[in-house]
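# Observations on the three-dimensional arrangement
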Amino acid sequence: VEAYEGRDEVSRAYSGLRAAVQGYVESQDSQQKKRSTIVVNVTRQKVNAAAARRADIALPTDDRNWDLRHSTVPELVEQMTQKDVGLTKNGVPIMVTENGSQRQANMADLAKMTMEKAQKAAQAMRDEIDDQLDMSDDGCGYEGVIRAIIDDCCLLGVGIVKGPVITGRTKKVWAPIDQEGKVYALARIQERKPVSYRVDPWDFYPHQDCGENVKKGAGVFERSKIIAADIRHMADLEGYIVPQLKRVLMEGPRKAGEKPSEKPGQQVIVDTDTVFEQWEYHGEISREELEAAGCKCDPNDVFASYSGVVIMINDTVVKADIEMLDTEELPYDVECVNKASGSWAGYGEAFLARSAQRVITAGWRAMLDNAGQIVGGQIVMNRRRITPADGKWELSGMKAWFADGDDVDVGKVFAVHEIPAHQAEYQNIIKMGMEFLDQETALPMLAQGEQGEATDVLGGMTLLMNASNVIQRRALKALDDQVTIPHIGRYVDWNMQYNPKPEIKGDFEVQARASGALLEQDIQSKGAANLLQLGESPTYGHMIKKADSVRRVVKALRFQPDDFVKSNDDIKQAEEEMKKNPPSDPRIAVEQMRQELERLRMQFEGQENAKDRQLEFVVQEMEQTGKKSITADELKVMLTRDVMKIGAQKQMAADDRQHDARQALRPPTEPVGRAQPGRAFQA
């Protein structure tokens with residue numbers, strides 16, 4: 001955490017906002033005041049980049065990172081090939097409809113109907129769980145929970161998610177109170193659904209003998225902070241002991257002293273504190289403890305202990321019960337990518353970067369300390385041979401010094417020595433630290449969006465990106481194996497045990513997609529545009545689904561395909577209309593374009609020829625007038641005058657009513673004979 005926040009033993013006293021919030025004492029050694037305390041925090045960038053990269057792939061905005069499928073029964077697969085066995089019931093053939101006609105059903109038909117029923121159940125279960133996950137973590141959804149534990153895993157080395165946990169919420173519904181549906185009234189419906197939460201690793205205490213798997217220990221303690229409103233809300237939930245909740249509210253928040261109290265309830269009441277401390281235990285509980293809390297155990301059971309849960313506020317037990325699921329699983333899933341031997345927690349990117357961060361910080365501080373020393377030169381003088389004119393032994397501008405004697409060599413009694421900067425050496429230390437940082441965190445700058453010294457060749461860039469994705473695949477695989485599969489599996493178990501909807505029941509398998517489909521999808525998005533080129537290929541175009549290719553390209557651009565691409569029915573209708581009204585032959589369109597370009601070319605050449613003739617006419621006029629030199633302004637005036645005459649002449653020639661008008665411009669050349677007035681420039 002200190003590495004992420006840019007603090008160490010030197011800069012801890014200068015922690016800024018954290019010092020103000022948490023009350024750090026701003027004190028430091030007097031000798032340290034002369035040294036640099038700056039920290040170039042590159043650890044925060046690495047942690048944020050790693051968390052952002054994983055979350056971006058594992059939590060797409062338009063897809064799930066998990067899926068359900070019905071279990072594939074080998075017997076059904078074998079039966080789907082048995083089409084020669086007819087089915088009967090009470091001696092009457094079972095009939096099915098195929099292509100509008102009736103025929104006797106066989107084993108393949110039965111297996112197909114069973115598979116279709118299982119597929120519908122899997123779809124219904126997937127939608128049900130998806131709706132339940134949307135309520136997780138106070139409405140931010142399951143994606144918000146997973147994003148939070150990814151952040152914890154990158155920073156602390158471990159991320160913890162809890163669920164399913166039954167919670168109650170009041171849903172507001174406007175329902176009609178008359179038969180015509182004109183009058184509505186607000187109704188509040190109490191809903192109880194399973195949700196998931198992120199657990200702070202600092203408040204998670206597994207059994208010390210759990211090793212690397214928290215579920216292998218005797219139990220788990222979780223600490224949380226609650227307020228009085230939360231305690232009152234517990235009274236509406238099943239399993240809580242209401243008299244105990246009242247007792248806790250009357251006692252108020254209490255905190256244990258330095259030593260455990262000899263008797264429960266003897267702690268000093270903290271009047272200024274409004275936050276209660278709650279402890280929740282999941283693990284082995286004896287039969288006597290459960291019965292003491294009001295639970296009824298089967299007297300025929302021979303077990304002396306059960307997997308249960310105990311919730312305590314202050315020193316008071318407010319709930320004790322067996323685990324909610326018959327599977328007796330702990331409701332916690334722990335993600336750990338970089339494991340520590342023998343520990344349930346591991347190493348995050350902040351811990352992996354600690355050594356390189358120290359190298360970078362030490363190099364930068366050494367450079368700044370040295371820069372402070374080389375601001376001015378080191379001055380050496382013989383005080384017995386020179387004297388300041390103002391009597392002050394201080395350096396300042398335009399200051400005079402007196403030599404004591406005529407034979408004083410000032411170069412020997414007064415000298416300035418410059419301290420070398422060594423900036424290049426310090427820069428090399430910092431550069432090596434940055435290189436070690438990339439290697440130790442396995443997150444190069446290329447994966448953060450900066451090319452650096454990477455090759456510009458497409459093939460080389462692709463190889464580098466694939467190499468960086470291997471590390472991300474490992475982290476995403478850990479998320480799939482340690483969190484997604486067991487967590488969604490418990491939701492399936494809860495719905496199979498408690499959900500009253502029969503259409504969602506079945507035998508399902510959880511599929512995690514973050515390390516497989518979603519990562520591949522992220523990689524494929526970079527080359528999705530190539531699908532359109534394949535669709536236009538005369539050799540492979542007939543093999544490509546063009547509509548799906550367009551949707552994939554739109555999805556790669558982070559847009560919803562349904563917002564921009566027509567549906568299959570609309571595409572089919574448009575294709576039928578194109579068949580009825582086929583477009584013109586493209587060769588005709590090309591010829592028309594060629595003719596239009598030829599016309600524009602001839603028009604352009606005609607305009608250029610007209611300009612040349614006009615310039616020639618001006619030159620001839622100049623020769624006739626005998627003027628050898630002319631200024632640019634005079635030439636502009638002459639050209640403007642001639643252009644106006646030509647325009648007026650063209651207008652008169654185009655108007656039939658002006659046939660008898662006078663000639664505005666005399667043509668430079670004229671064949672034998674004289675044209676009628678106004679027609680000198682006509683063919």
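Residues numbered from 1 in each chain as written. Predicted model: local features only at pLDDT ≥ 70, side-chain atom pairs only at ≥ 80, totals over all residues. Heavy atoms only, no water.

### What about the pattern of salt bridges?
Here is the rule: Here, a salt bridge means any side-chain nitrogen of Lys or Arg that lies within 4 Å of a carboxyl oxygen of Asp or Glu. For helices the rule is a DSSP run of H or I covering at least 4 residues; for strands it is a run of E covering at least 2, with both sets numbered from the N terminus onward. Each residue's exposure class comes from its accessible area (1.4 Å probe, protein chains only) as a fraction of the maximum for that residue type: buried when under 20%, exposed when over 50%, partly exposed otherwise.
Taken as a whole, this structure holds 23 salt bridges when the rule is applied. Put simply, aspartate 127 and arginine 64 hold a salt bridge, and the shortest N to O gap is 3.8 Å. Of the two residues, aspartate 127 sits in helix H5 (residues 107-133) while arginine 64 sits in the loop between helix H3 (43-58) and strand S1 (66-70), which places them 63 residues apart along the sequence. Of the charged contacts, one joins aspartate 131 and lysine 193 as a salt bridge, the two residues approaching to 2.7 Å between their closest N and O atoms. One end of the pair, aspartate 131, is in helix H5; the other, lysine 193, is in strand S7 (residues 184-199), with 62 residues separating them in the sequence. For aspartate 131, a relative accessible area of 37% translates into the label partly exposed.

### Some points on helix H8 (residues 242-251)
Operational definition: By construction, the arc corresponds to the directions joining the helix axis to the C-beta atoms. Two residues qualify as a contact provided that any one of their heavy atoms is within 4.5 Å of a heavy atom in the partner residue.
When we look at burial in H8, the residues that qualify are Leu245, Val248 and Glu251. Down the axis of H8, the buried set is contained in an arc of 125 degrees. They therefore lie on one face. Seen from the buried face of H8, the exposed residues on the opposite side, beyond 90 degrees, are Pro243, Lys246 and Met250. In this structure, the buried side of H8 is in contact with helix H7 (228-234), strand S10 (276-286), strand S11 (305-313) and strand S12 (316-322).

### Here we look at the sheet that holds strand S8 (residues 204-206)
Convention followed: Strands are labelled as partners when DSSP assigns at least two bridges between them. Only the stretch in contact is used when fitting a helix axis, every axis being a line fitted to C-alpha atoms; angles between N-to-C directions are given from 0 to 180 degrees.
With respect to topology, five strands assemble into an open sheet ordered S8-S9-S10-S11-S12, the strand pairing being antiparallel. Each of the sheet's edge strands pairs with one partner strand only, and the pair in question is S8 and S12. Averaged over all pairs of adjacent strands, the angle between strand axes in this sheet comes to 20 degrees, irrespective of strand direction. As paired elements, S8 and strand S9 (residues 219-226) share three bridges and run antiparallel to each other. Its bridge partner lying in S9, phenylalanine 204 is registered against glutamate 222. Sheet contacts for H8: S10, S11 and S12; angle to S12, the most-contacted strand, approximately 150 degrees.

### Let's talk about the packing of aromatic side chains
The line we're drawing: Here a Phe, Tyr or Trp ring, Trp counted by its six-membered ring, pairs with any other such ring whose centre lies within 6.5 Å, and the pair is stacked when the planes are under 30 degrees apart, edge-to-face when over 60, and tilted otherwise. Placement of a positive charge over a ring is assigned whenever Lys NZ or Arg CZ falls within 6 Å of the ring centre and within 35 degrees of the normal to the ring plane.
Within the structure shown, the criterion is met by nine aromatic pairs. Look at phenylalanine 204 and tryptophan 344: their rings are 5.4 Å apart centre to centre, the planes differ by 65 degrees, and that puts the pair in the edge-to-face class. Of the two residues, phenylalanine 204 sits in strand S8 while tryptophan 344 sits in the loop between strand S14 (338-339) and strand S15 (346-347), which places them 140 residues apart along the sequence. Each member of the pair, phenylalanine 204 as well as tryptophan 344, is classed as buried. Taking 4.7 Å as the distance between ring centres and 15 degrees as the angle between the ring planes, the aromatic pair formed by tyrosine 347 and phenylalanine 351 counts as stacked. The ring of tryptophan 66 carries arginine 64 above its face, with NZ or CZ at 5.6 Å from the centroid. Here the basic side chain of arginine 383 rests over the ring of tryptophan 393, its NZ or CZ set 4.3 Å away from the ring centre.

### Here we look at helix H13 (residues 423-441)
Going by this rule: A helix is expected to span 1.5 Å for every residue after the first.
Its 19 residues give H13 an end-to-end C-alpha distance of 27 Å, which sits within 8% of 27 Å, the value for a rise of 1.5 Å per residue. Every buried residue of H13 is listed here: Tyr426, Ile430, Gly433, Leu437, Asp438 and Thr441. Buried residues of H13, viewed axially, fall in a sector of 140 degrees; they line one side. The secondary structure elements touched by the buried residues of H13 are H3, helix H10 (349-352) and helix H11 (354-373). Residue alanine 442 follows H13 closely and has a positive phi angle near 55 degrees.

### Observations regarding a nonpolar patch on the surface
To keep it simple, the criterion reads: A residue counts toward a patch only above 30% relative accessible area and without a salt bridge, and it is joined to like-charged neighbours within 9 Å or, for Val, Leu, Ile, Met, Phe, Trp and Tyr, to nonpolar neighbours within 5 Å. In this description, accessible areas are obtained by the Shrake-Rupley approach with a 1.4 Å probe, and a residue is regarded as covered only by the protein chains that are shown.
There is a patch of nonpolar side chains on the surface, built from Ile38, Val40 and Leu368 and spanning about 200 Å² of accessible area. Checked against the element boundaries, valine 40 lands in the loop between helix H2 (17-22) and H3. Since its relative accessible area comes to 31%, valine 40 is described here as partly exposed.

### A few points about the nonpolar core
What counts is decided by this rule: Put simply, buried Ala, Val, Leu, Ile, Met, Phe, Trp, Tyr and Cys residues joined by side-chain atoms within 4.5 Å make one nonpolar core.
Within the largest apolar cluster, 32 residues are counted, with the highest numbers of intra-cluster contacts made by Ile129 and Ile146. Going through the elements one at a time, H3, S1, H5, helix H6 (141-156) and helix H14 (458-498) are the ones with two or more residues in this core. Ignoring any residue separated from it by four or fewer positions in sequence, one finds isoleucine 129 in contact with Trp66, Leu68, Tyr491, Val492 and Asn495.

### Regarding the side chain of threonine 43
Quick reminder of the rule: Any pair of nitrogen or oxygen atoms within 3.5 Å is treated as a polar contact; in protein, a donor-acceptor pairing is required on top of that, and neighbouring residues in sequence qualify only through side-chain atoms on both sides.
With respect to the helices and strands, threonine 43 occurs in helix H3. Polar side-chain contacts of threonine 43 include one of 2.7 Å to the side chain of glutamine 357. Non-local contacts of threonine 43, meaning those with residues more than four positions away in its chain, are made with Ala3, Tyr4, Ala350, Ala353 and Gln357.

### Description of unusual backbone geometry
A cis amide bond, omega -5 degrees, links glycine 163 with the succeeding residue proline 164. For proline 164, the location among the structural elements is in strand S6 (residues 159-176). Positive phi is not limited to glycine here, since glutamate 328 has a value of about 60 degrees. As for its placement among the helices and strands, glutamate 328 is situated in the loop between S12 and strand S13 (332-335). Exposure remark for glutamate 328: the relative accessible area of 48% places this residue in the partly exposed category.

### Quick word on the side chain of glutamate 222
Relative to the helices and strands, glutamate 222 resides in strand S9. Within polar-contact distance, the side chain of glutamate 222 engages the side chain of lysine 162 at 3.1 Å.

### Re the confidence of the model for the protein
For clarity, the threshold we go by: Across the chain, each position has a pLDDT score giving the predictor's confidence in that residue, from 0 to 100.
For the protein, mean pLDDT is 77; residues scoring 70 or higher make up 73% of the total. Here H2 stands out as the element of the protein with the lowest mean pLDDT, 52, in contrast to S13, whose mean of 94 is the highest. Predicted confidence for residues 258-272 stays below pLDDT 50, and this span has 16 contacts to residues more than four positions away or in other chains. Low pLDDT, under 50, characterises residues 454-461; the stretch is placed with eight contacts to residues that sit more than four places away or in other chains.

### Brief notes about the environment of alanine 421
Relative to the assigned elements, alanine 421 resides in the loop between strand S19 (414-417) and H13. Along the chain, alanine 421 and isoleucine 374 lie 47 residues apart, while their C-alpha atoms are 6.8 Å from each other. Apart from residues no more than four positions distant in its own chain, alanine 421 is found in contact with Asn370, Ile374 and Tyr426.

### Points about the state of the cysteines
Selection rule: When the sulfur atoms of two cysteines come within 2.5 Å, that pair is taken as a disulfide.
Taken as a whole and assessed by the stated rule, the structure comprises zero disulfides. We note that cysteine 153 lacks a disulfide partner, and the nearest cysteine sulfur, in cysteine 154, lies 5.9 Å from it. Judged by its relative accessible area of 2%, cysteine 153 falls in the buried class.

### Here we look at the packing of H3 against H6
Put simply, the rule reads: Note on convention: the crossing is left-handed when the near helix lies turned anticlockwise from the far helix by less than a right angle, right-handed when the turn is clockwise. When residues are grouped by polarity, Ala, Val, Leu, Ile, Met, Phe, Trp, Tyr, Cys and Pro land in nonpolar, Asp, Glu, Lys and Arg in charged, and all others, Gly among them, in polar.
Between H3 and H6, the least distance of the axes is 9 Å, while the angle of their chain directions is 145 degrees. Here H3 and H6 pass one another in a crossing that is right-handed. Taken together, the residues of H6 that come into contact with H3 (itself represented by Val47, Ala50, Ala51, Arg54 and Ala55) are Arg147, Ile150, Asp151, Cys153, Cys154 and Leu155. In terms of residue class, the contact of H3 with H6 is built from eight nonpolar, no polar and three charged.

### Focus: the packing of H11 against H13
Stated precisely, the cut-off is as follows: By definition in this entry, angles of less than 35 degrees are roughly parallel, angles greater than 145 are roughly antiparallel, angles of 65 to 115 are roughly perpendicular, and the rest are oblique.
As a packed pair, H11 and H13 sit with axes 8 Å apart at the nearest point and diverge in direction by 165 degrees. Considering the angle they form, H11 stands roughly antiparallel to H13. Note that H11 runs across H13; the crossing there is left-handed. Of the residues in H13, those in contact with Ser355, Ala356, Val359, Ile360, Gly363, Trp364, Ala366, Met367 and Asn370 of H11 are Gln423, Tyr426, Gln427, Ile429, Ile430, Gly433, Met434, Phe436, Leu437 and Glu440. Of the residues assigned to the contact of H11 with H13, the class counts are twelve nonpolar, six polar and one charged.

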